Structure formats: structure tokens, C-alpha cells
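Fold and geometry: a report
Chain by chain, the residues:
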Amino acid sequence: MVDAARRGTGTEGVKGGVGITALLVAAARAIETDRHDSLARDDYAEHFVRAAPASAAWPVRLHEVPEGDLNPLWGRFARYFGLRTKVLDDFLLRSAHAGAHQVVLLGAGLDTRAFRLDWPPGCVVFEIDREGVLAFKHDVLDGLATTRKAARVPVPTDLRADWVGALTGAGFDASAPSVWLAEGLLFYLPAAAETYLIDTVDRLSPGGSALAFEVKLEKDLLAYRDSPIYTSTKHQIGIDLLSLFDGGPRPDSAGRLTGKGWSTSVHTPFDFTRRHGRGPLPEQNDALAGNRWVFANRPRT
Ligand code: SAM
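Because the structure is a prediction, the values reported are computed rather than measured.

To continue, consider the confidence of the model for the chain. In the predicted model, the chain carries a mean pLDDT of 95, and the fraction of residues at 70 or more is 96%. In the predicted structure, residues 1-11 sits below a pLDDT of 50 and forms 21 contacts with residues beyond four places in sequence or in another chain.

Okay, here's the thing in C-alpha cells:
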């Protein structure tokens, strides 16, 4: 926790620290929504961006960005988030339709999938994030005309602590299949918290459960410190992602799950750019080079 405070992750809400990254992703989703070749729609995203003083002046449409798509932050990086949203929307819906009716969003931030996606009947979406982030989210949602498409249960807790009690106390049933998501989360957590999360998901997941998560593979995070994505995010909106990421060695979470009997597959985002015909492709000095999206399924017995 001392370490977390030093990195600013102790800052509450979306005013700074790691919470503000939820606004960054929301702005990217707002821009994606408005694109003529949009992969995913999130009509709520721009309202979060406009409501927070930290982001009120950020663009929510590509035409508000002077260089448009050529801007490394609001062009290529935003496209990355748009693609990630689409791919994980598909994974969650596929898993829910296959019978995983509990959806657990770990580090949910300003995710509005409970409102956006056409869930099968009986689904419940648990949203875990820190209290201040969820409070901001509710303030904004309360002022909008929203229609929930699944039951929604906010679970304010810190994923660096023992969060299982908060989830089960909120009504989560460990005997029923679930689909779990850690989107844009694990690189902010200390390795021990990531391993605890993976072991906990394993322990709470009967056959038929699924998990998707995002990791960064590079051994030295600073290797890409001069990349256009990191420098533009820092200079244009003052978010120094590298100072928010946990700097310690990362665990092999995909391997750990395979060892526990899960079937896993690991993809680069570029695999999906090629599949969908839209999204970022590899480039020199690329902060996205080490990003991997991991999909895991626990077979039914
Ligand atoms: N998953 C969301 C998305 O993709 O839109 C949000 C991603 S945002 C980059 C990272 C989120 O992780 C933030 O909302 C932040 O508050 C949350 N987070 C980071 N560390 C956390 C922790 N220790 N406990 C709970 N949430 C945490």
C-alpha cells in the first residue's frame, strides 16, 4: 500500500492517479462511437468525459482533434481501445450465451456493458472498482436516461486487498458459472495482487466459466518510454501511464491458468485488427508491442 500511494493509485475517484485512466478509455470509446467505421458503440462514454473537471476539455469526436487519426493518442491509441471494446464485448456475450450468467468486471471503471449489450435473460453484472470511481459513475448515470439490460451490482472495493468477501457479500454465487473480465487492469496491480486475482477467479469458477484479461509482456516497461503513445498521453492530457503501471516483474498468469486446467489462448491486438479490418497495426517503438489479450475457459466436467 505504501508503494501504491507513491504511484498515486491511492487517489480517490477519477480526479487523478489510476482512476483518471477510466476517463481516458471513456474518451476513446466516445470517439470510437462517432467514427464512420466504428467497431463499438458507447453512447454513455462522452457524458463521463464531459462531467469530470479533469477531462471536460478532452475531445469526444475525432473531428475535434486537429490532426484527426494522425494524433497518436486520439487516433491510434483510441482505435486500440475501440478494438479492445469490440473484441471483449464479443467474448462476454459469447460466454453469457453459453451459460455464464454472472459477469464480473474487475476494475470496471466507466464500463457501461450492463446498459449497452444485449445480455441473455437472467444475467447479472458485478462491477468492481474503487469506491470513488463508482461514486462518480453513479452520479453521471443518475442524470441520464438509462436502460439496464442486465441486473447490475456495483462492488466498491480495492483489488489489492482481499476483495472476495465484498463480491460474495454482494450476492455472487461461486457455484454458478461466471465470465470474468480484467480489461486494462492488471498492469496497475502489484504481481502478488494479480496472482491472488487469478487464483481467486480459479477458486470461484466452476466448469463453464470464462475469463479474459490483458497483460503487457515487456520485461522493461521503460523500453518504450519515448513511444508516441506514452509521450502524447503525457503531454496532451497529463497522464503518465508509465508512472501508474506497477514496475515489478509480472507473473505468467496465462500459464498459471493452463496449469489449473483452463484452456487458454493468447493473442496480440493486431490479430484482431486483421480480423476486423480496422484497428492499430504494429509500428516502430510501439507501446502496444507487448500487449496481449488472454482468453481462458474452464471446461465443463
Ligand atoms: N476496465 C475499464 C475499461 O476498460 O473501460 C477501466 C479501465 S481503467 C484503464 C483502469 C481501472 O482499474 C480504473 O477504473 C481503476 O480505478 C481500476 N483500478 C486500478 N487499480 C485498482 C484497484 N487496486 N482496485 C480496484 N480498481 C482498480
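So that's the structure; there's more coming.
Turning our eyes to something else, we now look at the site of the ligand. The full set close to the ligand counts 21 residues, and Gly-107, Asp-129, Asp-158, Leu-159 and Glu-183 are the nearest of them. One of the side-chain nitrogen or oxygen atoms of Arg-84 is found 3.1 Å away from an oxygen atom of the ligand. Take Arg-160: an N or O atom from its side chain is 3.4 Å from a nitrogen atom of the ligand. Contact with the protein chains covers 98% of the free accessible surface of the ligand, which is 590 Å². A majority-of-atoms criterion places the ligand in the largest cavity. No other element matches helix α2 (residues 20-34), which puts four residues into the shell around the ligand. For the shell around the ligand, the residue count by class is nine nonpolar, five polar and seven charged.

Turning next to the sheet that holds strand β6 (residues 263-267). Pairing is mixed in the open sheet, where seven strands are placed in the order β3-β2-β1-β4-β5-β7-β6. Strands at the two margins of the open sheet, each flanked by one partner only, are β3 (151-156) and β6. In this sheet, neighbouring strand axes are inclined to one another by 15 degrees on average, regardless of whether the strands run parallel or antiparallel. Direction of pairing for strand β1 (residues 102-106) relative to strand β4 (residues 178-182): parallel, over a ladder of five bridges. Within β4, the residue paired with Val-103 across the bridge is Val-179. Sheet contacts for helix α8 (residues 191-203): β1, β4 and β5 (210-216); angle to β5, the most-contacted strand, approximately 165 degrees.

The topology assignment puts Ala-289 in the loop between α12 (269-276) and β7 (291-297). C-alpha separation for the pair Ala-289 and Pro-156, spaced 133 residues apart in sequence, amounts to 32 Å. In contact with Ala-289, not counting residues within four places along its chain, are Glu-218 and Tyr-224.

What follows deals with the layout of surface pockets. The calculated volume of the largest pocket comes to roughly 530 Å³. Lining the largest pocket are 28 residues, and of these Lys-216, Leu-217, Glu-218, Pro-249 and Arg-250 lie nearest its centre. Those elements giving two or more residues to the lining of the largest pocket turn out to be β5, α10 (241-244) and α11 (253-259). Per element, the largest residue contribution to the lining of the largest pocket is four residues, and it comes from β5. A breakdown of the residues in the lining of the largest pocket according to their chemical character gives 14 nonpolar, four polar and ten charged.

Moving on, we get to the packing of aromatic side chains. Applying the stated criterion across every chain, the model contains 18 aromatic pairs. The interplanar angle of 65 degrees and the centroid separation of 5.1 Å between the aromatic rings of Phe-187 and Phe-245 together place this pair among those described as edge-to-face. Of this pair, Phe-187 sits in the loop between β4 and α8 while Phe-245 sits in the loop between α10 and α11; the two residues are 58 residues apart in sequence, bridging distant segments of the chain. Exposure remark for Phe-187: the relative accessible area of 10% places this residue in the buried category. Looking at Phe-245, the relative accessible area reads 5%, which means it is buried. Here the aromatic residues Phe-77, Tyr-80, Phe-81, Phe-91, Phe-272, Trp-293 and Phe-295 are joined through ring pairs into a cluster of three or more.

So, how was this worked out
Residues numbered from 1 in each chain as written. Predicted model: local features only at pLDDT ≥ 70, side-chain atom pairs only at ≥ 80, totals over all residues. Heavy atoms only, no water. pLDDT = per-residue confidence, 0-100. Contact = heavy atoms within 4.5 Å. Near = heavy atom within 4 Å. Polar contact = N/O pair within 3.5 Å; in protein donor to acceptor, adjacent residues only side chain to side chain. Areas by Shrake-Rupley, 256 points an atom, 1.4 Å probe, with all protein chains shown as cover. 1 Å grid on protein atoms, 1.4 Å probe; cavity = no way out; pocket = protein on both sides within 12 Å on 5 of 7 lines; lining within 4 Å. Sits in = over half its atoms within 2 Å of the grid points. Helix = DSSP H or I, 4+ residues; strand = E, 2+ residues; numbered from the N terminus. Nonpolar A, V, L, I, M, F, W, Y, C, P; charged D, E, K, R; others polar. Pairing = 2+ DSSP bridges. Axes fitted to C-alpha atoms, helices over the stretch in contact; angles between N-to-C directions. Points joined across faces, edges and corners; volume = space filled by probe spheres on them. Phe/Tyr/Trp six-rings, centres within 6.5 Å; stacked < 30°, edge-to-face > 60°. Buried < 20%, exposed > 50% of the residue type's maximum accessible area, 1.4 Å probe, protein only.

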